[in-house]
Amino acid sequence: MSYILDMSKLQLGDIVISSGTSLGAQFIKIGTLSKDTHAMLYTDHTMIHAVPDGGVFSKNPQRELFKSEEHVRVLRLKERIPHELLELICDYARSLVGAIYSVKEAIRTKKSAKTLDGAKTNMQFCSRLIAQSYASQNISLVNNVNYCSPKELGNSTLLQEAIGCVRKASQEDIAFAKSPDPTVENQRRTYEWLNKTRDIAKKLDFNVQTMNDVSTFLQYYPQNDTSVCDFIKKSGYLEHYNVDLNLNPHRYDDKLFTEYFKEKQIPLEEAVKGEFQKEPGLINHMNKNYQVHSQMYASTNLEYHAIHVKLYQDILLFVKSRLIVLYQVFTTSIDTKFKAQLFLLIQQIEQIVI
């Protein structure tokens, strides 16, 4: 029997604490005297986490399978905070994407968790990532946000378990979780150009961890703009968003959409609303990135920002294509409010990328 996170029950900013079975997880269990070995932050239909073999990156919650309900917990703040603050917490976690995982820093937790020691490096590990993300909005989940373990997050007096967020995985869930993950390829491409950029920056005694650091680096050393952009273009990073068209062609054609869900025996209205769920958050996130790089390009004239403006524009147009399909196939429903929401989001994208 396998278990999976129930996406319909998760909320922005939820913390997922899990118990792993790998060799590394066993060392963490022994070192912390706890079954908790990993922590992830739910950022609206995706999770941000840090792992030794990949650093900080995103993860599709539907690709995480657990052996039992005891192997995973979802934690949530006891006291409600404004949605805007949760968005800022998640934005901070996203800003750390690309950071290198530090085993040494994770090990230091054992002696530094009860102190107020500052971080020795700006590298990351899973529980630091989450603690620092919350601390960015002055919420200290643990004694030391720089050095803490999944166990300490799990014992935080500010958090409580969110009941009902884990369910039994269906055979379809299991098949999807074990299918090839396009995020892994996106991660590979991202780290390919980012590592090459790190090498250039290191020679100039500049520490690059995240993509935000690349922006700062190029402001100081604009002569490297062309080289960094060449790394990005050759990695295939700018074209990765096209993968969804190949994997899920039904999302981009109304006839294929209708046939796909008819074959799965899923009512069309249910299918449309299910496909729609991830889009508003994605639009919001892509729009933020688009606006930031647009402003940076206007002030720096760096190609690095120009190609990112184009990237986020292209992604938003892809989202628009999916929304148009949903709008077209939702013709028989009496839910006019939802139909209007689809129309307004399509208009919103058009206004952004004009």
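Please refer to the structure placed before this passage.
On to the overall build of the protein chain. Assigned secondary structure in the protein chain consists of 15 helices and eight strands. Compactness check: the protein chain gives a C-alpha radius of gyration of 21 Å against a globular reference of 20 Å for 354 residues, within 12% of the reference. In terms of overall dimensions, the protein chain has C-alpha extents of about 60 × 55 × 35 Å along its principal axes. Counting every position in the protein chain, which comprises 354 residues, the buried fraction comes to 50%.

Looking now at the state of the cysteines. Taken as a whole and judged by the stated rule, the model has zero disulfides. Of all cysteine sulfurs in the structure, the one in Cys165 sits closest to Cys90, which takes part in no disulfide; the separation is 15 Å.

Turning our eyes to something else, we now look at the nonpolar core. Grouped together as the largest cluster of nonpolar side chains are 81 residues, with contacts concentrated most on Ile15, Tyr134, Leu141, Trp193, Tyr304 and Leu323. Here the element with the most residues in this core is helix α14 (residues 303–329); it accounts for 13 residues. For Leu141, the contacting residues outside a window of four places in its chain are Ile15, Leu77, Ile130, Tyr134, Leu153, Ser156, Leu158 and Leu159.

Moving on, we come to the pairing of strand β5 (residues 55–59). Most of β5 sits out of view: four of its five residues are buried. Hairpin connection, strand β4 (residues 47–51) to β5: the antiparallel pair is bridged by three residues.

The rules behind these values
Residues numbered from 1 in each chain as written. Predicted model: local features only at pLDDT ≥ 70, side-chain atom pairs only at ≥ 80, totals over all residues. Heavy atoms only, no water. Helix = DSSP H or I, 4+ residues; strand = E, 2+ residues; numbered from the N terminus. Rg over C-alpha atoms; globule rule 2.2 N^0.38 Å. Buried < 20%, exposed > 50% of the residue type's maximum accessible area, 1.4 Å probe, protein only. Disulfide = S-S within 2.5 Å. Core = buried A, V, L, I, M, F, W, Y, C linked by side-chain atoms within 4.5 Å. Contact = heavy atoms within 4.5 Å. Pairing = 2+ DSSP bridges.

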